[in-house]
Amino acid sequence: MNEFVSGTFDLGVRVDSLFFIGSQLVATSHTGKVGVWHAVTRSWQCQNIQPISSYDTAGTFLLLGCTNGSIYYIDMEKFPLRMKDNDLLVTELYADPSQDAVTALSVYLTPKITLMGNWIEIAYGTSSGKVRMIVQHPETMGQGPQLFQTFTVHRSRITKVMLSEKHLVSVCSESNHVRTWNVTRFRGMLSTQPGSTPLASFKVLSLDEPDCHPSYPVGNDIGPYGDREDQQVFIQKVVPETDLLYVRVSSTGHRVCEIRSVDTSFISCFSVHECEGSSRMGSRPRRFLFTGHSNGSVQIWDLTTALESYSKSDKTTDLAGPSHEELVYLMGQCDLSSSRCTTPSLSPATSLMPLRTNQLRASSNHLGNRSTEDLPLGAEGGHEENVNDVRVTHC
């Protein structure tokens, strides 16, 4: 078989993220190095910047959030190179006023386009829990983005932020605590009249194994998933080994539906994908949820139909995350008897315990007292290796 080598790509350090922007391949490392393979010129360019803590893409733009509080960008369409050494040109776009590390980024390109360029909106979260929105006017392209609004409602590091057409969603590291706002737009652009208004506060609680495989966080990311102009959702998996997922609206936390394995096998990973519609008139893209399972199977679920049913249902229901009864069921699938906690712990019935037990730890040391998604005390147990593990780890 004949092999064709496109090129040799060497970043020199550990690669943490690998993705495409158009035909350009981008590699980033948390150490502060970014590399770009340009498909047209067939050149591999690397550049050192500050340690990278977050990134996002929009159109041809790559934005990098760094630990020094700066946001850098590269326009892949122009693929700029420094004239002095022909190295990759990375431009500083904005510096956080408090110099906090930029731990989450979300870029939104509005439909408003002028001869001078786009109206660019950027939301970002910091290590101190602040969420800021900055905007770039086409008329002030040479002056850099201007600070639009700051939110100081979180007490922990921001792990996710999403700016969409109608909402701003932020998630912090304290048990995946979510805060959401309605954003006001005038002719497609952010407006200060009446400005952003608080919408919801809830938790998407998810427990992790302490010694999980490196692929586990990638295959079990809560989201949000979906197009920025459409309804976005969180996928909640409460415990590492369960046959049950909760699909929740990202803006309100309301439950859209439950996903339960058809063969009772554990769901080991999941992924949401939007498929293009057919060529028929009026056909729209459909959204699917793919779940990988511990027995090696993959199951496919139609999220579009679930979202359509939810949109027609009564929104006054309080059904959101798992109820107390559902938590008892989920905890019954785990061994909670070998707790290191000094207080009494809940022990599941032996008839509900699976063959394989897990060692669990909470994703945060504090679980809110008022949330219905709180866990019983002592949610930790032993861990036993399975040499015949054939679970799906990526989906």
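What counts, and where the lines are drawn
- Residues numbered from 1 in each chain as written.
- Predicted model: local features only at pLDDT ≥ 70, side-chain atom pairs only at ≥ 80, totals over all residues.
- Heavy atoms only, no water.
- Buried < 20%, exposed > 50% of the residue type's maximum accessible area, 1.4 Å probe, protein only.
- Helix = DSSP H or I, 4+ residues; strand = E, 2+ residues; numbered from the N terminus.
- Arc of directions from axis to C-beta.
- Contact = heavy atoms within 4.5 Å.
- Core = buried A, V, L, I, M, F, W, Y, C linked by side-chain atoms within 4.5 Å.
- Pairing = 2+ DSSP bridges.
- Axes fitted to C-alpha atoms, helices over the stretch in contact; angles between N-to-C directions.
- Phe/Tyr/Trp six-rings, centres within 6.5 Å; stacked < 30°, edge-to-face > 60°.
- Salt bridge = Lys/Arg side-chain N within 4 Å of Asp/Glu carboxyl O.
- pLDDT = per-residue confidence, 0-100.

**Student:** Explain helix 3 (residues 324-331) to me, and be specific about the residues and the numbers.
**Tutor:** Within helix 3 the residues assigned to the buried category are Glu326, Leu327, Leu330 and Met331. The buried side chains of helix 3 occupy one side of the element, clustering within an arc of 135 degrees when seen end-on. Away from the buried face of helix 3 by more than 90 degrees, exposed residues Glu325 and Val328 are located. Tucked inside the fold, the buried residues of helix 3 contact strand 20 (244-249) and strand 21 (255-260).

**Student:** Can you lay out the environment of Ser294 for me, pointing to particular residues and giving the numbers?
**Tutor:** With respect to the element layout, Ser294 can be found in the loop between strand 23 (286-293) and strand 24 (298-302). A relative accessible area of 21% places Ser294 in the partly exposed class.

**Student:** Mind laying out the side chain of Ser251, listing which residues take part and the relevant values?
**Tutor:** Mapped onto the secondary structure, Ser251 falls in the loop between strand 20 and strand 21. Residue classification places Ser251 among the buried positions, given a relative accessible area of 5%. The residues touching Ser251, leaving out its near neighbours within four places in the chain, are His167, Thr180, Leu199, Ala200, Phe202 and Gln231.

**Student:** Tell me about the nonpolar core, residues and numbers included.
**Tutor:** Ile235, Leu245, Val247, Val256, Ile259 and Leu289 are the most contacted members of the largest nonpolar core, which has 18 residues in total. Elements with a minimum of two residues in this core: strand 19 (233-236), strand 20, strand 21, strand 22 (267-275) and helix 2 (303-312). Take this core: its biggest share by element is four residues, from helix 2. Excluding anything up to four places from it in sequence, Val247 contacts Val233, Phe234, Ile235, His254, Arg255, Val256, Cys257, Ile259 and Leu303. Core analysis: the next-biggest nonpolar cluster, separate from the first, contains 17 residues, Trp119, Ala123, Phe151 and Val161 among them.

**Student:** Help me get a handle on the sheet that holds strand 19, residues and values and all.
**Tutor:** One open sheet accounts for three strands, arranged 19-20-21; its pairing is antiparallel. Looking at the sheet topology across the chains shown, the edges are occupied by strand 19 and strand 21. Going from strand to strand, the sheet's axes swing by 20 degrees on average, the running direction of each strand aside. Here strand 19 runs beside strand 20; their pairing, made up of four bridges, is antiparallel. If you follow Gln236 over to strand 20, its bridge partner there is Tyr246. With respect to the sheet, helix 2 is in contact with strand 19, strand 20 and strand 21, its orientation differing from that of strand 21 by roughly 145 degrees.

**Student:** Residue-level account of the packing of aromatic side chains, with values.
**Tutor:** By the definition in use, this model includes five aromatic pairs. Between the aromatic rings of Phe19 and Tyr55, the centroid separation amounts to 4.7 Å while the plane-to-plane angle is 5 degrees, which identifies the pairing as stacked. In this pair, Phe19 is assigned in strand 1 (residues 17-21) and Tyr55 in strand 5 (residues 52-58), connecting sequence segments 36 residues apart.

**Student:** Break down the environment of Val171 for me, citing the residues and quoting the values.
**Tutor:** When you line up the elements, Val171 lands in strand 14 (residues 167-172). Separated by 13 residues in sequence, Val171 and Ile158 place their C-alpha atoms 5.8 Å apart. Non-local contacts of Val171, meaning those with residues more than four positions away in its chain, are made with Arg157, Ile158, Thr159, Lys160, Asn176, His177, Val178, Ile222 and Phe234.

**Student:** Please give an account of the sheet that holds strand 3 (residues 33-38) that cites residues and values.
**Tutor:** Spatial ordering of the open sheet is given by 1-2-3-4, a layout of four strands whose pairing is antiparallel. Since the sheet does not close on itself, it has two edges, and those belong to strand 1 and strand 4 (43-48), each with one partner. The average angle at which neighbouring strand axes cross in this sheet is 20 degrees, direction not considered. Bridge analysis of strand 3 against strand 4 gives six bridges, and the strand direction is antiparallel. Considered in strand 4, the bridge of His38 is made with Ser43.

**Student:** Tell me about the pattern of salt bridges, and name the residues and values.
**Tutor:** Taken as a whole and judged by the stated rule, the model has twelve salt bridges. A salt bridge links Asp230 to Arg287; the shortest N-O distance between them is 3.2 Å. With Asp230 in the loop between helix 1 (216-219) and strand 19 and Arg287 in strand 23, the pair connects residues that are 57 residues apart, well separated along the chain. Residue class for Asp230 comes out partly exposed when judged on its relative accessible area of 46%. By relative accessible area, which is 4% here, Arg287 ends up buried.

**Student:** Mind laying out unusual backbone geometry, listing which residues take part and the relevant values?
**Tutor:** The omega torsion across Gly223 and Pro224 is 10 degrees, close enough to zero to call that bond cis. Mapped onto the secondary structure, Pro224 falls in the loop between helix 1 and strand 19. Even without glycine at this site, Ser175 takes up a positive phi of about 55 degrees. Topologically, Ser175 is positioned in the loop between strand 14 and strand 15 (177-182). Assessed through its relative accessible area of 0%, Ser175 is described here as buried. Here Asn176, not a glycine, exhibits a phi torsion of approximately 55 degrees, which is positive. Within the secondary structure layout, Asn176 lies in the loop between strand 14 and strand 15.

**Student:** Please give an account of the confidence of the model for the protein chain that cites residues and values.
**Tutor:** Taken residue by residue, the protein chain gives an average pLDDT of 78. The fraction at 70 or more is 74%. Looking at the elements of the protein chain, mean pLDDT is at its lowest for strand 17 (residues 189-190), recorded as 79, and at its highest for strand 13 (residues 158-163), recorded as 95. Across residues 338-388, confidence stays below pLDDT 50; counting only partners more than four residues off in sequence or on other chains, it has 108 contacts.

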